[in-house]
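Fold and geometry: a report
Now for the letters of each chain:
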Amino acid sequence: MARKMRGAALVALGAGIALAVGGCSSSDNGGSDDSTPDASHPVEMTLWTNATTGPGGQFFKDTVKSFETANPGVTIKIQTVQNEDLDGKLQTALNAGDAPDIFLQRGGGKMAAMVDADQLMDITDSISDETKAGVGEGAFKAESIDDKTYAMPVATLPGGFFYSQDLYKAAGITTPPKTLDDLVAANKALKASGVSPIALGGKDAWPAAHWYYWFALRECSEDVLNETAKSLQFDDECWTKAGNDLETFAKGGNFNEGFLSTSAQQGAGSSAGLIANHKAGAELMGAWDPGVIGSLTPDAKPLPDLGFYPFVSVPGGKGDPKAIMGGVDGYSCSKGAPKKACTDFLNYLTTKDVQEAYYKAFNAPPVNKDAQAVVTETYLKDVISAFNDAPYASQWLDTLYGQNVGNALNGAVVNLLAGKGSVEDIIKAVNTSSAKG
């Protein structure tokens, strides 16, 4: 295989989530300066994050402040970037040699491309013993290529349905759907009760594409998913079946009206906002969703009746019905960042107290095993249980396959849902874009 393997395509979950119940010139080993910062040797770094508002934004302000206090001579300037804009702006900055020192890393093919371009610092030897003890091996595998670690994991974010238990109860739905037929029946009941069955932020493309990803996870075998991660060619018929599943599902009126012009996370009218304000029954999303939903409720507090269930089984599919999809959010140091200061901050992000603060701010499962003991929400426990019960997990396909393929895939899925493209066009878009890459 000519390209670098983009981490493990599918991660075995023996070490799953353990719930306790501007660039500088780089040196050969990465980093512009390995000395200890102090008042006479000050270091200034930039941090890019997609936590733009609310408790998440405050978390980074507080974390940076406490790190600076404990590390005199270090200053970190935070720049927030809207999630949908982050990848493009980051790639532009990296290519221009003006990368931030620290930035959100999505992993997969996107990270592999940065490694190929020699844009990331290898942090393998800078991971502290405390961090290794606190964070499971599986999380590090998601941030590694060829046994070298290029990002520090901070949260494991598997996906599934986040739903309003009150709306489901009002519609007469007594148990969460387990099969595709169950889901269709539940959606009909929700629609009859006067709410949108499923909220979808199709305007941002990736939430719509997630539906295709999940159908593919059910239709495609584990072997096919692994082989496709290497070839980047949608040759197996399962990829077409996944598109047919989505096309049929969408034509059934299962999404909110105007879903193609609905954003995912911005404002009360977004898909997350529809859940937060009891206008829709459920949303298919990653485990960051509870925090987004909570920020959009009328009182800006967690939704009291929020629940979670895994993606449903699909009849005839060759994938394991318990397989799960998601990502590991991490933070990387750019190749020219001050090595000691940057990696010290990454280690700091995984400490128990900081991870507990992360969980409280983002309402998402932390990677630190000791910090997971403070998780109390039933829906997050259900997320963790679904993750640990899965025989294997895939990264989000647009992350796994890299930015070129991911963008082509996401755009083709939106065109299908808009009636401007076909299932065949999805296959062609992926195969053509991977050939160019």
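Criteria and cut-off values
- Residues numbered from 1 in each chain as written.
- Predicted model: local features only at pLDDT ≥ 70, side-chain atom pairs only at ≥ 80, totals over all residues.
- Heavy atoms only, no water.
- Helix = DSSP H or I, 4+ residues; strand = E, 2+ residues; numbered from the N terminus.
- Expected span 1.5 Å × (residues − 1).
- Buried < 20%, exposed > 50% of the residue type's maximum accessible area, 1.4 Å probe, protein only.
- Arc of directions from axis to C-beta.
- Contact = heavy atoms within 4.5 Å.
- Axes fitted to C-alpha atoms, helices over the stretch in contact; angles between N-to-C directions.
- Parallel < 35°, antiparallel > 145°, perpendicular 65-115°, else oblique.
- Left-handed = near helix turned anticlockwise from the far one by under 90°.
- Nonpolar A, V, L, I, M, F, W, Y, C, P; charged D, E, K, R; others polar.
- Disulfide = S-S within 2.5 Å.
- Salt bridge = Lys/Arg side-chain N within 4 Å of Asp/Glu carboxyl O.
- Core = buried A, V, L, I, M, F, W, Y, C linked by side-chain atoms within 4.5 Å.

The next subject is helix α15 (residues 378-389). End to end, α15 covers 16 Å across 12 residues, agreeing with the expected 16 Å (1.5 Å per residue, within 8%). Those residues of α15 lying buried are Tyr379, Leu380, Val383, Ile384, Ala386 and Phe387. Seen from one end, α15 has its buried residues packed into an arc of 160°, which puts them on one side. On its buried side, α15 packs onto β7 (152-164), α12 (289-295), β10 (306-309), β11 (324-333), α14 (352-362) and β12 (393-394).

Helix packing for two helices is described by the angle between their axes and how far apart those axes are. Taken N-terminus to C-terminus, the directions of helix α1 (residues 54-70) and α14 make an angle of 160°; their axes are 8 Å apart at the nearest point. One finds that α1 runs roughly antiparallel with respect to α14. Remark: the crossing between α1 and α14 carries right-handed chirality. Residues Pro55, Gly56, Phe59, Phe60 and Thr63 of α1 pack against Val354, Ala357, Tyr358, Ala361 and Phe362 of α14. Taken together, the residues of the contact of α1 with α14 break down into 8 nonpolar, 2 polar and no charged.

Now for α14. Structural remark: α-helix, 3.6 residues per turn; residues separated by three or four positions point the same way. All buried positions along α14 are accounted for by Val354, Gln355, Glu356, Tyr358, Tyr359, Ala361 and Phe362. Trailing α14 by a residue or two, Asn363 shows a phi angle of about 55°, which is positive.

The next subject is the state of the cysteines. Evaluated as defined, the whole model comprises 2 disulfides. With cysteine numbering restricted to those in disulfides and following the sequence, the protein has the pairing 1-2, 3-4.

For the rest of this paragraph, the subject is the environment of Asn95. Checked against the element boundaries, Asn95 lands in helix α2 (residues 83-95). Considering only alpha carbons, one finds Asn95 and Met114, 19 residues apart in sequence, at a separation of 9.5 Å.

With that out of the way, let us pick up the pattern of salt bridges. Enumeration according to the criterion identifies 11 salt bridges in this entry. The residue Glu44 makes a salt bridge to Lys77 at a minimum N-O spacing of 3.6 Å. Here the residue Glu44 occupies a position in strand β2 (residues 43-49), and Lys77 occupies one in strand β3 (residues 74-80), the gap between them amounting to 33 residues. The exposure class assigned to Glu44 is partly exposed, which follows from its relative accessible area of 48%. Judged by its relative accessible area of 47%, Lys77 falls in the partly exposed class.

This brings us to the side chain of Asn83. Here Asn83 shows up in helix α2. Judged by relative accessible area, Asn83 falls into the buried class, the value being 14%.

This brings us to unusual backbone geometry. Its identity as a non-glycine residue notwithstanding, Asp146 has a phi of 50°, on the positive side. Among the secondary structure elements, Asp146 is positioned in the loop between β5 (144-145) and β6 (148-149).

What follows covers the nonpolar core. With 136 residues, the main nonpolar core has Trp211, Tyr212 and Trp239 as its most contacted residues. When residues in this core are grouped by element, the largest group, 9 residues, is from helix α8 (residues 206-219).

Turning our eyes to something else, we now look at the environment of Gln395. Considering the arrangement of structural elements, one finds Gln395 in the loop between β12 and α16 (397-400). You can call Gln395 buried: its relative accessible area is 8%. Measuring from C-alpha to C-alpha, the distance between Gln395 and Pro158 comes to 8.8 Å, with 237 residues separating the pair along the chain.

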